[in-house]
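Spelled out from the first residue to the last, the chains are:
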Amino acid sequence: MMSKGFKIGFFDSGVGGLNVLYEAFLHLPKNTSFVYYADHDNVPYGNKSNGEIKNLLFHALRFLKLEGCDAIVIACNTASSVANKDFRASFGVPIIAMEPAIKPAIANYPESRILITATQATIIGEKLKNLLDNLNAKNCDLMALPRLVSYAQEGDFRSAGGYLSNIGLYKYDVVVLGCTHFNYFKKEMKLANLGLDFVDGNFGTIRHLAHTMDIDLGKNRPDIAELMKKTKFFISDLEITPSEILLFEKCLARVKMSRSIK
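These notes cover the structure that comes with them. (Residues numbered from 1 in each chain as written. Predicted model: local features only at pLDDT ≥ 70, side-chain atom pairs only at ≥ 80, totals over all residues. Heavy atoms only, no water.)

### A closer look at the packing of helix α1 (residues 18-27) against helix α13 (residues 242-259)
- The geometry of α1 relative to α13 is characterised by a closest axis approach of 10 Å and an angle of 70 degrees between their N-to-C directions. As summarised for this structure, α1 and α13 are arranged roughly perpendicular, according to the angle between their axes. In this structure, the crossing between α1 and α13 has a hand that is right-handed. Along its contact with α1, which presents Leu18, Asn19, Tyr22, Glu23, Leu26 and His27, the element α13 presents Phe248, Cys251, Leu252, Val255, Lys256 and Arg259.
- Taken together, the residues that form the contact of α1 with α13 break down as seven nonpolar, two polar and three charged. (Axes fitted to C-alpha atoms, helices over the stretch in contact; angles between N-to-C directions. Helix = DSSP H or I, 4+ residues; strand = E, 2+ residues; numbered from the N terminus. Parallel < 35°, antiparallel > 145°, perpendicular 65-115°, else oblique. Left-handed = near helix turned anticlockwise from the far one by under 90°. Contact = heavy atoms within 4.5 Å. Nonpolar A, V, L, I, M, F, W, Y, C, P; charged D, E, K, R; others polar.)

### A word on the pattern of salt bridges
- Scanning the entire structure with this criterion turns up six salt bridges.
- Among the salt bridges present, the one from Arg259 reaches Glu23, with a minimum N-O distance of 2.9 Å. Of this pair, Arg259 sits in helix α13 while Glu23 sits in helix α1, and the two are 236 residues apart along the sequence. (Salt bridge = Lys/Arg side-chain N within 4 Å of Asp/Glu carboxyl O.)

### Side note on the nonpolar core
- Residues Phe10, Leu18, Leu148, Leu164, Met189 and Phe248 are the most contacted members of the largest nonpolar core, which totals 59 residues.
- The dominant element in this core, judged by the number of residues it contributes, is α1, at seven residues.
- Not counting the four nearest positions on each side in its chain, Leu164 is found in contact with Leu145, Leu148, Leu169, Phe185, Glu188, Met189 and Ala192.
- Within the second largest apolar cluster, 25 residues are counted, among which are Phe63, Leu64, Cys69 and Ile74. (Core = buried A, V, L, I, M, F, W, Y, C linked by side-chain atoms within 4.5 Å. Buried < 20%, exposed > 50% of the residue type's maximum accessible area, 1.4 Å probe, protein only.)

### A closer look at unusual backbone geometry
- Of the consecutive residues Val43 and Pro44, the connecting peptide bond is found in the cis state with omega at 5 degrees.
- Examined against the element boundaries, Pro44 turns out to sit in the loop between β2 (33-38) and α2 (50-66).
- A positive phi angle, close to 60 degrees, is found at Asn139, a residue other than glycine.
- Its place among the elements puts Asn139 in the loop between α7 (126-135) and β6 (140-144).
- In this structure, Asp214 takes a positive phi of about 55 degrees despite not being glycine.
- With respect to the element layout, Asp214 can be found in the loop between α11 (202-213) and α12 (224-230).
- Asp214 sits in the exposed class, given a relative accessible area of 71%.

Structural data, given as C-alpha cells:
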C-alpha cells in the first residue's frame, strides 16, 4: 500500500507558475498532491515595489502553510527576488525560491549571445545584479517583457507574435526565460528567430525541491486531467471558479506544447 505523499504548495502572481507545477507533476511521486495559489487580484508583480511584493508574498505563503503544505515553491522569479533566506526561514516549512537560469545558460552556451528576459522588478533588483556579478556574466543583455504577462493572464497566445517579432530576437542565440509567464511564448519567439535556444529554471527548481525533501524524481504520464484532480487551486484566497478552471486547463495545454520546444 502506498504511503501518504507530500502536499506541495505553489505560489505565483498568476498563471505563469503552472509551468513549474506541471514540471513537478511530471517528476514527483504519484502520491504527491498540490495546492496552487495564483494572486490574480494583484497581478502583475513586475511593476510593484519590493515592499509591496514582500507583503503580498507573506500573505500567500502563510495561506499555503495553513492549507497544510509540507513545502512551498515560489514559482515566480519576481517574488523570489525579494524572498531572502531569513524571510523564507520564518514560515517553518521549506520554501523553495527561483532565480533566472543564467548560470546554466552561461555554462552551456559560453560563446553565445544571451538575452535574459524577466519582469522590470527582477531586472532592477539587487538579487539579479549580484547573480550577474558573481557569474562575471558577459555577452548578456537584459530585457523586460511586461506585455507577455498580460497576454498569458488573458489566455491570449495569439497576439504576442507581432510584439516579439519587433524586439530584436534575431541578435541572440539563447533566451533565458526569467519569468514563468514567458514560457508560454516559446513558439512565437522561435518564429522570430528559428535558431533560438531556451533556458529556464523550472526543472532545476523541482530538482532543488526534491533534494530538500529527500524525494526521488521519476517520470509520470503528462495527463492534464489527472493534474487538475490532484491540485487544489486558489485565486487570491478564494477557490477557483468554473471560468478560471477553463483558463487553467487552456494554460496547461499550452504548457505541455511549449515544453516540447527547446
